[in-house]
Amino acid sequence: MRKNYVLIPAAGSGSRMGSERPKQYLQLLGKPLIHHTLSVFETHPAIERIFVLLSPDDTYWTTCGSKKVTVLRCGGETRAETVLNGLNAIADSVDEHDWVLVHDAARPCLSRELLDRLLDELANDSVGGLLAVPVADTLKRADKQQRVDRTEPREGLWRAQTPQMFPHGLLRKALQAIGTDAPTDEAQAIEFLGHAPKLVLGDGHNLKVTYPEDLAMAGLILGDMENNND
Ligand code: CTP
Ligand code: MG
C-alpha cells in the first residue's frame, strides 16, 4: 500500500505581502496562518506524516503540538529548491512509489472534501496531478502601453493550485532535471519529463495568501468553514 506524505514549503519571505513577518506566521482567527494550513492534513487518517520545510534561520515557527508534524530546516532560495531539499531529506524514510503532496504554507483554506477528491482521483494514477480551477475571467493580452492588444481564448485554461501530488521518486527526478532556479510548480517539472499530470477540480476557496486583501478573504472563508463544522 502506497503511503501519503505531505511537504509544506514554508521558507518564503512573503515579499508581496509586505508584512513585518513572513505571511505564514501572521495571526488568522487567533492562531498562526500555517497552523490552519496544517490542520486538514493532521486530522486526515490517510496522511502518514507532514514535513514542514523552514528556512534554516527561521525564528517564527511555533509547534502546533501534532505528533504527525516533523520540521526540517532545509529551505532554499526558491520554492522549487525548498521542495527538492525536502524530498532529499526524507528519501531514506519513504519509498520512491509513496505519494508526496506538496502544499503551500500560505494556502490555509483547503477543505477536507477537496483533499479527499485529490486522494481518490489519483489513488490509481501512474503520474499524479494537482488541484486546479478552470479560468473564469475574460483574458486580455496587453501591449507595451498597457492597452488591450487582443482577447485570449480561455477555453482549456486552468489555474494551478496545491496540493500537487506525485510519487516521491518521480518528483525528485523531475525537479533535479528541470533545475530549481526557475519559478516552477511541481507539475511543471513533471511535464518537463514528458508526463501529463491530471487536473483535479479544486475551488476558489483554496486561495493562496499573497497580498494583504487575501488575508481578510482567508479569514472569512475559514470562519465560514468552522461554523459549518459546528
Ligand atoms: N516558499 C519556500 N521557499 C522559498 C520561497 C517560497 O518554501 N524559497 C514557500 C512559501 O513559504 C509559500 C509557498 O512557497 O508557502 C508559495 O510561495 P509564495 O506564495 O510565492 O510565497 P513567498 O515566496 O513567501 O512570497 P513572495 O513571492 O511574495 O515573496
Ligand atoms: Mg514567492
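Conventions used here
Residues numbered from 1 in each chain as written. Chains lettered and ligands numbered in written order. Predicted model: local features only at pLDDT ≥ 70, side-chain atom pairs only at ≥ 80, totals over all residues. Heavy atoms only, no water. Helix = DSSP H or I, 4+ residues; strand = E, 2+ residues; numbered from the N terminus. Rg over C-alpha atoms; globule rule 2.2 N^0.38 Å. Buried < 20%, exposed > 50% of the residue type's maximum accessible area, 1.4 Å probe, protein only. Contact = heavy atoms within 4.5 Å. Areas by Shrake-Rupley, 256 points an atom, 1.4 Å probe, with all protein chains shown as cover. Lys, Arg positive; Asp, Glu negative; His and termini not counted. Charge placed at Lys NZ, Arg CZ, Asp CG, Glu CD. Pairing = 2+ DSSP bridges. Axes fitted to C-alpha atoms, helices over the stretch in contact; angles between N-to-C directions.

Undergrad: Account for the overall build of the protein, with residues named and values stated.
TA: The secondary structure content of the protein amounts to 6 helices and 11 strands. In terms of overall dimensions, the protein is globule-like: its C-alpha atoms have a radius of gyration of 18 Å, near the 17 Å expected for 230 residues. Judged by the C-alpha coordinates and their principal axes, the protein covers about 55 × 45 × 35 Å. Among the 230 residues that make up the protein, the fraction classed as buried is 47%. If you take every contact in the protein between residues at least 6 apart in sequence, the share linking residues at least 24 apart comes to 69%. As displayed, the protein has an accessible area near 12,000 Å², and 48% of this comes from carbon and sulfur atoms. When the 25 positive and 32 negative side-chain charges of the protein are each reduced to one mean point, those points stand 2 Å apart.

Undergrad: An account of the pairing of strand E7 (residues 129-134) is needed here, citing residue identities and associated values.
TA: Burial within E7 is extensive, with 5 of its 6 residues counted as buried. Sheet analysis places E7 next to strand E10 (residues 158-167), joined by 5 bridges and oriented antiparallel. Within E10, the position partnered with Ala132 by the bridge is Ala160. For E7 and strand E11 (residues 198-201), the ladder comprises 4 bridges, and the chain directions are parallel. Its bridge partner lying in E11, Leu131 is registered against Val200.

Undergrad: Explain the sheet that holds strand E4 (residues 47-54) to me, and be specific about the residues and the numbers.
TA: Note on sheets: strands pair through backbone hydrogen bonds, and any given pair is parallel or antiparallel. Sheet architecture is open: 7 strands sit in the order E5-E4-E1-E6-E10-E7-E11, paired in mixed fashion. Since the sheet does not close on itself, it has two edges, and those belong to strand E5 (69-72) and E11, each with one partner. Neighbour-to-neighbour, the strand axes of the sheet open up by a mean angle of 30 degrees, direction not taken into account. Sheet analysis places strand E6 (residues 99-102) next to E10, joined by 4 bridges and oriented antiparallel. Bridge pairing in E10 links Leu101 to Met165. Taken strand by strand, helix H2 (residues 79-90) contacts strand E1 (4-10), E4, E5, E6 and E10, and its axis lies near 140 degrees from that of E1.

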